[in-house]
Amino acid sequence: MKNSIYIYILLLILLIHTDKIYGQVIVKDTLALNEIQPIGFGQQPKWMVTSSISQVKGEELQYAFTSNLANSLYGRIPGLTVMQGSGEPGVDSPGLFSRGVGTFGPGRDILVIVDGFESSFEQLVPAEIASISLLKDASATAIFGNRGANGVLMITTKRGHEGPLVVNFRTQHGFHSAQRLPKFLGSYDYASLLNEGLANEGSSPRYSEEELENYRTGSDPFLYPNVNWQEEILRNTAYMANYNLNFKGGNESVRYFVLLNSISSEGLYIKAGDMEEESTNSTYSRFNFRSNVDIDISDRLMATLILGGSVENKANPAGRTTGGMFNTLSSLPPNSFPVYNPDGSFGGSSAFSNPLGDLLQTGSHLSNGRTLQSTLKLTQQLDQIARGLSISGAVSFNNYFRSYSIKSKQYERYALSRNDEGEDTYNRFGQNTSLVGSEGDSEQWRNVIFQGFMNYDRTFGKHGLNGMLMAHSETFTNISSETTNANLSFPFNHVGGGGRFTYSNDAKYIAEFSFGYMGSENFAKDSRFGFFPAGSLGWIVSQESFLKNNPTVSFLKLRSSYGLVGNNRISEGGPNRFLFDQRFPYTASYYLGNTNNVVSGIAEGPLANPGVTWEKESRFNVGFEMTLFDRFDLIVDVFDHNRFDILATPNRTIPQYSGVVRPLLNEGEMRNRGGEMTLRYTSKPSAKFSYFVEANTWYAQNEIVFMSEQLRPFDYQNRTGMPLDQPFGLRAVGLFASQAEIDSSPAHLFAPVKPGDVRYEDMNQDGVVDQNDVAPVGKPGLPTTTFSFQSGLKFKGFDMNFMLQGVTGNSVYLGGLNFHAFQNNGQAPAMALDRWTPETAGSATYPRLSASNNLNNYRFSSFWQRDGTFMKMRNLEFGYSLSESMSERLRITSARLFVNGTNLFSLDRMDGYRDPETGFGYPAMRTLSLGASFQF
């Protein structure tokens, strides 16, 4: 392997010292010879790229008004699946997956590279982004060695240019609101249905007819409350604003881009800090800055200084995040207690606290985060040694720190009751305490990266040669105060290098070889490094004589690649780190002696695996790019990825009776196949009415080939052969219509069943329904297909842009507190109104009600699954730009006013009961805003 590297270096040196005259191959204009495509650790002319790379420009991301850059990527990059997380400002990070998921191990995260170095990117803003590229095939990712198997998202920030100073200012203001909240019943319906559930169980009703009537009329809101807690603590809209100011310009020696940005967003909670000084308003704000400077120190030496960062502040009443509060809203029945009692005290009970009291009387959680990304790079041209040769070196320091200020207290709440004399009595829960502060918690990480490059770019007549060799060293350290796991605090190191060699002939035929040689401290000393090669071929058919002058086919390129990539994130720094080392962890304590002294013991942990290694994946990709009539573009890719050496518990190879805790072994295999397609039509640039339409779709279907899973009673219960995270549950076949149907059906053993209960399929045909009938139901939560349609148009000074994006091939589960009525004495969802009764037996969509936890109806089953297909209006924007004459009068270069909508609506199959992406907790948000941009 090392000899092969030496041979390639020798060939490069021989070509460097060739005395032939070099020139430039003339390529057909439609190839956009001057258009540059960012690639792994470098860039190439776009016509020369044979890898599978998708890209979005930073300007396109401004159409989504969001505080997290990742949430502007929905549908923008073919091959990138975005899974929405919480909608809460400041903690709204989505999941990002390149061509689906290729492993059942823990390390599924995409590798993020910012300006050539691994870093976070969600705090960046669209105005500082030049482009975001997704590197997908082996040819594009092999150079990243054992870190590229999950795909690489590469962010390039904006640079300066030679020319006069250009100043841009943009401001945007709007309001966001919950796109959809869970729907629960009011007190009268809740109490009526609870009585019905008790009757179905043969129990006495909890509420009398008089009490039901009081709930219906609302005649006594204190003793018979009907509280919509969402309305009590959530606002309909919350304010959001953004300000951006950037400068760009330079001369022959210095070029610069400088940016200042401020974004703020209020949370959906009521303004608790305005109502109670010991609480706080729910807010998020971030200030971004960037300075990218390129300096020509001499004719042959150039320096690049990149400095970017952010300062963010987040405040919440009652909790660091809002998950606990929304769980309370999903649990608390509307008739539990009033918000305030007649004497002004907070209502409450032994089972539930008061959500409004929690916001106002339990203190505040504040945090301050600071991110810094800094890079210094020097590039020396070595034309005096060989034309086209250069070397460069770079150092990058990235740091993140977040501190927390937590102030907490308790408060009194009272349960109201009324005695026979009609007097109000109160039962107290909790007690008032003083505010106590805690300032000790913090999170911090930093990484230091060194890189060295040798680049060569030369053309010899019809022959073009582009080469790059690199060395890379990175240290990542987690020094958070909350880190108690030694495996997390021990630094992560990545050392190695890579190279890429591209040959082109007559601008028609392109061949490329790339490789990565990377090592990690996570493996034993003798097996820390791995070699990851990849090759690709390209043929620009439109340069051939039979197509060169064809007026129809403006451009046609065929390309294919194959190679090996790796994933060393097999433990994510948790307990599975350093699996090659035998461990003896502390076990449960023993009480010994007459005084019951506690003595901790140690025991042998899982057996060490000295040969543990990273996951490996072979990747094959074939695709083509075509332009017709200079305006119609078509890009198609098909891929086949095979991941192996995935860590798995060896259930099939080491029996449990061996008497040891079995180690994780590199035995697992997965396969992931699919493709992407982009269609785009653009009008003539000279047309008065200009427009474009673009449609994208991408598909990825994975399959577990082998995971050494334990033997199961029936083949249909095996995970092998199934998609990753395939749900397993009971297969519902409707609701029991009568006792006769129950008597003639297989016996359901989870609980006694009655008419109206969920009926399940007897999978193994043994005459009973039990745990052995659990089988695959529905589809995983990760969609197999993503699609988007976007369009933009301009006419005179008016413009419009919109994007529709959606997914299919996934399932959504309606379970838990939001959908299962009366569980753990909780709420009843609005969908419970459609429950089964003898009168609604033919139309019911909800099972017979039960007042207690129903062990039959609320099991994980296909009954509660829904098709997760949806289509959302991700953005819609209308704008008007002032005419040149009007701009001149105002002494500005240009000005534009616009109205924007983000995440406006969803077409789905949830019947309005939940958002198809965010089912629990803080909801998905809809934003309406007005804005203006000016250039000077």
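Cut-offs used in this document
Residues numbered from 1 in each chain as written. Predicted model: local features only at pLDDT ≥ 70, side-chain atom pairs only at ≥ 80, totals over all residues. Heavy atoms only, no water. Helix = DSSP H or I, 4+ residues; strand = E, 2+ residues; numbered from the N terminus. Rg over C-alpha atoms; globule rule 2.2 N^0.38 Å. Buried < 20%, exposed > 50% of the residue type's maximum accessible area, 1.4 Å probe, protein only. Contact = heavy atoms within 4.5 Å. Polar contact = N/O pair within 3.5 Å; in protein donor to acceptor, adjacent residues only side chain to side chain. Core = buried A, V, L, I, M, F, W, Y, C linked by side-chain atoms within 4.5 Å. Axes fitted to C-alpha atoms, helices over the stretch in contact; angles between N-to-C directions. Parallel < 35°, antiparallel > 145°, perpendicular 65-115°, else oblique. Expected span 1.5 Å × (residues − 1). Phe/Tyr/Trp six-rings, centres within 6.5 Å; stacked < 30°, edge-to-face > 60°. Lys NZ or Arg CZ within 6 Å of the ring centre and 35° of its normal. Pairing = 2+ DSSP bridges. Arc of directions from axis to C-beta. 1 Å grid on protein atoms, 1.4 Å probe; cavity = no way out; pocket = protein on both sides within 12 Å on 5 of 7 lines; lining within 4 Å. Points joined across faces, edges and corners; volume = space filled by probe spheres on them. Nonpolar A, V, L, I, M, F, W, Y, C, P; charged D, E, K, R; others polar. Salt bridge = Lys/Arg side-chain N within 4 Å of Asp/Glu carboxyl O. Patch = residues over 30% accessible without salt bridge, like charges linked within 9 Å, V, L, I, M, F, W, Y side chains within 5 Å. Areas by Shrake-Rupley, 256 points an atom, 1.4 Å probe, with all protein chains shown as cover. pLDDT = per-residue confidence, 0-100.

*Asks:* Requested: an account of the overall build of the chain, with residues and values cited.
*Replies:* Each helix and strand counted, the chain has 13 helices and 45 strands in total. Over its C-alpha atoms the chain spans a radius of gyration of 31 Å, differing by no more than 12% from the 30 Å that the globule rule assigns to 936 residues. Projected onto its principal axes, the C-alpha positions of the chain cover 110 × 80 × 65 Å. Counting over 936 residues, the chain shows a buried share of 54%. Long-range contacts, defined here as pairs at least 24 residues apart, represent 71% of the contacts in the chain between residues at least 6 apart.

*Asks:* Requested: an account of the environment of N854, with residues and values cited.
*Replies:* Following the sequence through the fold, N854 ends up in the loop between β40 (811–813) and β41 (865–867). Filtering out sequence-adjacent residues up to four positions away, N854 remains in contact with D757, Q823 and R848. Among the polar contacts made by the side chain of N854, one reaches the main-chain amide nitrogen of N857 at a distance of 2.7 Å.

*Asks:* Tell me about the nonpolar core, residues and numbers included.
*Replies:* Judged by nonpolar contacts, the single largest core of 37 residues is most densely connected at L194, Y207, A821, F822, Y846 and L849. Elements represented by at least two residues in this core include exactly α4 (187–200), α5 (209–217) and β35 (758–760). Those residues in contact with A821, other than ones at most four positions away along the chain, are Q827, A828, P829, A832, Y846, L849, S850 and Y858. Of all hydrophobic cores here, the second largest spans 24 residues; its members include I233, I270, L356 and L359.

*Asks:* Outline the packing of α4 against α5, listing residues and values.
*Replies:* Where α4 contacts α5, the axes come no closer than 8 Å and their chain directions differ by 155°. Between α4 and α5, the interaxial angle falls into the category roughly antiparallel. Across from S187, Y188, A191, S192 and N195 in α4, the residues of α5 making contact are L212, Y215 and R216.

*Asks:* Let's hear about α4: which residues, and what values?
*Replies:* Here α4 contains 14 residues, and its C-alpha end-to-end distance of 20 Å stays within 8% of the 20 Å for a straight helix at 1.5 Å per residue. In terms of residue burial, α4 counts as a mostly covered element, since 10 of its 14 residues are buried. Those residues of α4 that sit buried are S187, Y190, A191, S192, L193, L194, N195, E196, G197 and L198. Buried residues along α4 sit against α5. Just downstream of α4 lies G202, where phi reads positive at about 80°.

*Asks:* Lay out the packing of aromatic side chains with the relevant residues and their values.
*Replies:* Counted according to the given criterion, the structure contains 32 aromatic pairs. Pairing F490 with F578 gives two aromatic rings, centres 5.6 Å apart and planes at 85°, and the pair type is edge-to-face. Linking F490 in the loop between α10 (486–489) and β22 (492–505) with F578 in the loop between β25 (553–567) and β26 (590–592), this pair joins segments that are 88 residues apart in sequence. For F490, a relative accessible area of 44% puts it in the partly exposed group. On the accessibility criterion, F578 (16% relative accessible area) is buried. An aromatic cluster is defined as three or more aromatic residues linked by ring pairs; in this entry it consists of Y400, W445, F476 and F492. The side chain of R577 reaches across the aromatic face of F492, ending 3.6 Å from its centre.

*Asks:* A description of the environment of F287 should follow, citing residues and the corresponding values.
*Replies:* With respect to the helices and strands, F287 occurs in strand β13 (residues 283–296). Look at F287 and you get partly exposed, because its relative accessible area is 38%.

*Asks:* Break down the sheet that holds strand β8 (residues 129–135) for me, citing the residues and quoting the values.
*Replies:* Strand order across the open sheet formed by 5 strands is β3-β8-β9-β6-β7, with mixed pairing between neighbours. The outermost strands of the open sheet, each flanked by one partner alone, are β3 (53–57) and β7 (117–118).

*Asks:* So, α5: which residues are in play, and what are the values?
*Replies:* All buried positions along α5 are accounted for by L212, N214 and Y215. Along the axis of α5, the buried residues cluster in a sector spanning 160°; they form a single face. The exposed set on the far side of α5, more than 90 degrees from its buried face, consists of E209, E210 and R216. In this fold, the buried residues of α5 make contact with α4. G218 occupies a position one or two residues after α5 and carries a positive phi of about 70°.

*Asks:* Explain empty space enclosed by the protein to me, and be specific about the residues and the numbers.
*Replies:* The full count for this structure, using the stated rule, is 10 cavities of 30 Å³ or more. The calculated volume of the largest cavity comes to roughly 380 Å³. In terms of lining, the largest cavity is formed by 26 residues, of which the most central are F65, T66, N71, T902 and M925. Within the residue set of the lining of the largest cavity, elements represented by two or more residues are β42 (870–881) and β45 (925–935). By residue class, the composition of the lining of the largest cavity is 9 nonpolar, 14 polar and 3 charged. Around the second largest cavity, the lining comprises 20 residues; the ones closest to its centre are A64, T66, V125, P126 and N242.

*Asks:* How would you sum up the pattern of salt bridges? Please name residues and give values.
*Replies:* Here the structure, examined in full by the defined rule, presents 46 salt bridges. For E439, the salt bridge identified is with K407, shortest N-O distance 3.7 Å. Here K407 lies in strand β16 (residues 389–408) and E439 lies in the loop between β19 (436–438) and β20 (442–460), a separation of 32 residues in the sequence. What makes K407 partly exposed here is its relative accessible area of 28%.

*Asks:* Describe unusual backbone geometry, listing the residues and the values that go with them.
*Replies:* The phi dihedral of R99 is positive, around 55°, even though this residue is not glycine. Assessed through its relative accessible area of 3%, R99 is described here as buried. One non-glycine residue, N824, lies in the positive phi region at around 55°. Its place among the elements puts N824 in the loop between β40 and β41.

*Asks:* Describe the pairing of β22, listing the residues and the values that go with them.
*Replies:* Most of β22 sits inside the fold, with 11 of its 14 residues counted as buried. Bridging between β22 and strand β23 (residues 509–520) involves 12 bridges; their strand directions are antiparallel. In the sheet register, G496 faces β23, and the bridge partner there is M518. Remark: 3 residues form the turn of the hairpin made by β22 and β23, two consecutive strands paired antiparallel; D506 in that turn has positive phi of roughly 60°.

*Asks:* Just give me the short version of a nonpolar patch on the surface, but keep the residues and values in it.
*Replies:* A contiguous nonpolar surface patch, about 640 Å² in accessible area, is contributed by V254, I295, I297, L305, L376, L378, V395 and F450. Locating L305 in the fold gives a position in strand β14 (residues 301–317).

*Asks:* Account for the confidence of the model for the chain, with residues named and values stated.
*Replies:* The share of residues in the chain with pLDDT of 70 or more is 95%, and the mean pLDDT across the chain is 91. Across residues 1–33, where pLDDT falls below 50, the model places 60 contacts with residues more than four positions away in sequence or in other chains.

*Asks:* Run through the side chain of Q726, naming residues and quoting values.
*Replies:* Along the chain, Q726 turns up in the loop between β31 (689–706) and β32 (728–729). Side-chain polar atoms of Q726 contact the backbone oxygen of V777, separated by 3.3 Å. If sequence neighbours within four positions are ignored, Q726 has contacts with P776, V777, G778, K779 and P780.

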